[in-house]
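Geometric and topological summary
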Amino acid sequence: MAISYKDSGVDVERGYEAVKLMRDHVKSTYNENVLGDIGSFGGFFSMPKGYKEPVLVSGTDGVGTKLKYAFISGRHDTIGIDAVAMCVNDIVCQGAKPLFFLDYFATGKLSPEVVATVVSGVAEGCRQCGAALIGGETAEMPGFYADGEYDIAGFAVGVVDKKKVINGKKIKSGDVLIGIKSSGVHSNGYSLVRKLWGENSEELEKYDERLGAKPIDVLLTPTRIYVNSILALIEKVKVKGIAHITGGGFIENIPRIFPEGIGCRINTKSYEVPAIFSIMQKKAGIKKEQAYNTFNMGIGMVVCVAKKDAEAAMEQLRSTGEECFIIGKTCKGSGVKLV
């Protein structure tokens with residue numbers, strides 16, 4: 001008895017349908033540097049003009065267990081934005097402008113409508129940061145993923161002139177740290193988030209007065225993409241270092257941009273911590289240091305500038321729609337001290 005690929009659980013026709021449904025979303029991200037079309041074995045992108053000594057900067061990431069809330073709620077339109085944000089927010093920390101993005105989507109049984117919806121979010125994220133979605137992979141893996149579940153990851157490449165690379169080497173004691181507001185929990189810490197809020201769809205859909213919203217709405221808010229604001233900032237102000245506040249929160253991420261012998265003091269009262277984080281800290285029964293080592297606590301990016309440039313940097317960030325605060329300063333030593 002013959003056994004076909006379809007009999008084993010893989011239906012290539014569903015894959016063809018998915019490509020057909022996502023085609024318009026993908027093409028909406030194209031620009032003059034994209035060469036070729038959907039369906040090639042490789043994505044082609046020509047190097048933009050205007051760079052004297054171009055350096056490519058790459059980053060890859062996923063969305064983590066935040067995906068569980070997409071499965072529970074049946075909402076798949078913003079997860080793709082998260083996948084893009086986690087990658088492009090990383091590479092812009094080096095001063096790089098995102099050029100293109102590729103995604104990887106894997107599931108047990110392919111639903112063309114679901115994958116197209118997820119990719120619509122990827123395309124939206126790409127449009128927000130000016131990157132072209134030039135390729136990807138959709139894998140159907142029966143028996144590997146639970147029914148109705150999937151994973152998504154992404155890969156971004158950007159470019160910066162070698163002389164304009166931001167690497168933190170010139171940071172010194174007395175520099176100012178500016179925090180840029182996050183849109184919420186973003187895409188880190190969800191293994192703990194799920195233990196605190198649970199996975200009961202009825203409870204997640206109930207209005208919570210403390211949040212001023214339904215928990216599911218807050219927990220699925222997509223990660224903010226800071227690319228355009230950061231690129232505009234570095235054209236106006238000398239930026240010494242940029243930290244994307246992801247897994248490990250303030251404690252792990254901010255010191256990554258400091259040279260040896262430099263630490264910082266963070267004034268946790270310099271801005272209002274969003275309710276979602278205060279509630280989770282209380283629910284978990286963890287100390288402030290642990291909370292700031294797990295979540296972004298309302299700050300998605302931290303920018304380091306000289307004291308004399310702080311006001312100009314704040315004004316520029318606000319002009320591009322960002323809420324920002326002076327949250328601390330650098331000092332001699334190491335690590336992060338919360339005050």
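Given the structure is predicted, the values throughout are model-derived calculations rather than measurements. (Residues numbered from 1 in each chain as written. Predicted model: local features only at pLDDT ≥ 70, side-chain atom pairs only at ≥ 80, totals over all residues. Heavy atoms only, no water.)

Details of the packing of helix α8 (residues 227–236) against helix α12 (residues 310–319)
Stated precisely, the cut-off is as follows: Lines are fitted to the C-alpha atoms to define the axes, a helix being fitted only along its stretch in contact, and any angle between axes, read from their N-to-C directions, falls within 0 to 180 degrees. Only DSSP runs of H or I covering at least 4 residues are called helices, and only runs of E covering at least 2 are called strands; the numbering of each starts at the N terminus. Less than a right angle of anticlockwise turn of the near helix away from the far helix marks a crossing as left-handed, whereas a clockwise turn marks it as right-handed. Contacts between residues were defined by any pair of non-hydrogen atoms, one from each residue, lying within 4.5 Å. By the convention adopted, Pro, Cys, Tyr, Trp, Phe, Met, Ile, Leu, Val and Ala count as nonpolar, Lys, Arg, Asp and Glu as charged, and the other residues, Gly among them, as polar.
Packing of α8 against α12 leaves a shortest axis separation of 9 Å and a crossing angle of 145°. Judged by the twist between their axes, the crossing of α8 over α12 is right-handed. Across from S229, A232, L233 and K236 in α8, the residues of α12 making contact are A313, Q316 and L317. Taken together, the residues that form the contact of α8 with α12 break down as four nonpolar, two polar and one charged.

Here we look at unusual backbone geometry
This is how the line gets drawn: Each residue is placed in one exposure class: buried if its accessible area under a 1.4 Å probe, protein chains only, is under 20% of its type's maximum, exposed if it is over 50%, and partly exposed if it falls in between.
Backbone geometry at H186 places phi at a positive 60°, although glycine is not the residue there. Residue placement: H186 occurs in the loop between β7 (176–181) and α5 (190–197). A relative accessible area of 1% means that H186 is categorised as buried.

Quick look at a positive patch on the surface
Threshold: Patches here: salt-bridge-free residues with over 30% relative accessible area, like charges joined within 9 Å, nonpolar side chains (Val, Leu, Ile, Met, Phe, Trp, Tyr) joined within 5 Å. Here, Shrake-Rupley sampling with a 1.4 Å probe gives the accessible areas, and only protein chains in the shown set may cover a residue. Here, a salt bridge means any side-chain nitrogen of Lys or Arg that lies within 4 Å of a carboxyl oxygen of Asp or Glu. We count Lys and Arg on the positive side and Asp and Glu on the negative side, and we leave His and both chain ends out. Note on charges: their place is set at NZ of Lys, CZ of Arg, CG of Asp or CD of Glu.
A cluster of basic side chains, namely R265, K307, K329 and K337, defines a positive patch on the protein surface. Counting through the fold element by element, K337 comes out in strand β12 (residues 336–338). For K337, a relative accessible area of 48% translates into the label partly exposed.

Thoughts on the sheet that holds strand β6 (residues 150–161)
Operational definition: A pair of strands is considered paired only if DSSP assigns at least 2 bridges between the two.
On the basis of which strands lie adjacent, the open sheet formed by four strands has the order β3-β6-β4-β5 and mixed pairing. Each end of this open sheet is capped by a strand with a single partner; those strands are β3 (54–62) and β5 (132–140). Within this sheet the neighbouring strands show an average axis-to-axis angle of 15°, counted without direction. Strands β3, β4 (97–107) and β6 of the sheet are contacted by helix α3 (residues 79–92), whose axis makes an angle of about 30° with β6. Seen against the sheet, helix α4 (residues 112–129) touches β4, β5 and β6 and runs at an angle of roughly 165° to β4.

Looking at the side chain of D175
The condition is simple: Polar contacts, as used here, are pairs of N or O atoms within 3.5 Å; protein pairs need one atom able to donate a hydrogen and one able to accept it. Residues neighboring in sequence count only if both atoms are side-chain atoms.
As for its position among the elements, D175 is in the loop between β6 and β7. Given the relative accessible area of 3%, D175 is considered buried. Among the polar contacts made by the side chain of D175, one reaches the side chain of K240 at a distance of 3.0 Å. Residue contacts for D175: discarding those within four places in its chain leaves K170, K240, C304, V305, A306, K307, G328, K329 and T330.

Thoughts on the pairing of β4
Regular strands show a simple pattern: their side chains alternate between the two faces of the sheet. Applicable threshold: Note on handedness: a clockwise path from strand one over the helix to strand two, with the strands aimed away from the viewer, defines a right-handed crossover.
With eight of its 11 residues buried, β4 lies for the most part within the structure. When β4 meets β6, the two strands line up antiparallel, connected through 10 bridges. Among the inter-strand pairings, F101 is bridged to a residue of β6, identified as A156. Note on the crossover from β4 through α4 to β5: the handedness is right-handed.

Some points on helix α10 (residues 275–284)
Think of an α-helix as 3.6 residues a turn; residues three or four steps apart then line up on the same face. Going by this rule: Directions pointing from the helix axis toward each C-beta atom define the arc.
Listed as buried for α10 are I276, F277, I279 and M280. Down the axis of α10, the buried set is contained in an arc of 160°. They therefore lie on one face. Looking one or two residues beyond α10, the residue adopting positive phi is G285, at roughly 70°.

Describing the nonpolar core
Heads up, the condition is: What is meant by a nonpolar core is a set of buried Ala, Val, Leu, Ile, Met, Phe, Trp, Tyr and Cys residues, joined one to another through side-chain atoms within 4.5 Å.
Residues W197, F250 and I254 are the most contacted members of the largest nonpolar core, which totals 96 residues. Take this core: its biggest share by element is nine residues, from α3. Sequence-distant contacts of W197, defined by excluding residues within four places in its chain, comprise Y69, L204, D208, R210, L211, P215, L219, I276, I279, M280 and K283. Of all hydrophobic cores here, the second largest spans eight residues; its members include V34, F100, A132 and V157.

Examining the pairing of strand β8 (residues 239–244)
The buried fraction of β8 amounts to six of the six residues, a majority that puts the element mostly inside the structure. Direction of pairing for β8 relative to strand β10 (residues 299–305): antiparallel, over a ladder of five bridges. Pairing of A243 across the sheet is with V302, part of β10.

Description of the packing of aromatic side chains
Formally: Only the six-membered ring of Trp is used, alongside the rings of Phe and Tyr, when aromatic pairs are assigned; centres must lie within 6.5 Å, and planes under 30 degrees apart are stacked while those over 60 apart are edge-to-face, with the rest tilted. To sit over a ring, a charge needs its Lys NZ or Arg CZ within 6 Å of the ring centre and within 35 degrees of the ring normal.
The tally for this structure, following the rule as stated, stands at eight aromatic pairs. Ring centres 4.9 Å apart and planes at 80° place the aromatic pair F71 and Y150 in the edge-to-face group. On the criterion of sequence distance, the pair formed by F71 in helix α2 (residues 67–73) and Y150 in strand β6 is long-range, its members being 79 residues apart. Grouping aromatic residues by their ring pairs yields a cluster made of F71, F105 and Y150. One residue, K283, lies across the ring of W197, its end atom 4.7 Å from the ring centre.

Side note on the pattern of salt bridges
Two side chains carrying opposite charge are able to pair once their charged atoms lie near each other. For the coordinates displayed, the defined rule picks out 15 salt bridges. Connected through salt bridges with shared partners, the residues R75, E205, K214 and D217 form a single ionic network.

So, the packing of α5 against α10
What counts, and what does not: Here the angle decides the label: under 35 degrees means roughly parallel, over 145 means roughly antiparallel, 65 to 115 means roughly perpendicular, and every other value means oblique.
Running from amino to carboxyl end, α5 crosses α10 at an angle of 75°, the nearest separation of the two axes being 10 Å. With respect to α10, the axis of α5 lies roughly perpendicular. Of the residues in α10, those in contact with V193, L196 and W197 of α5 are I276, I279, M280, K283 and A284. Among the residues forming the contact of α5 with α10, the class breakdown is seven nonpolar, no polar and one charged.

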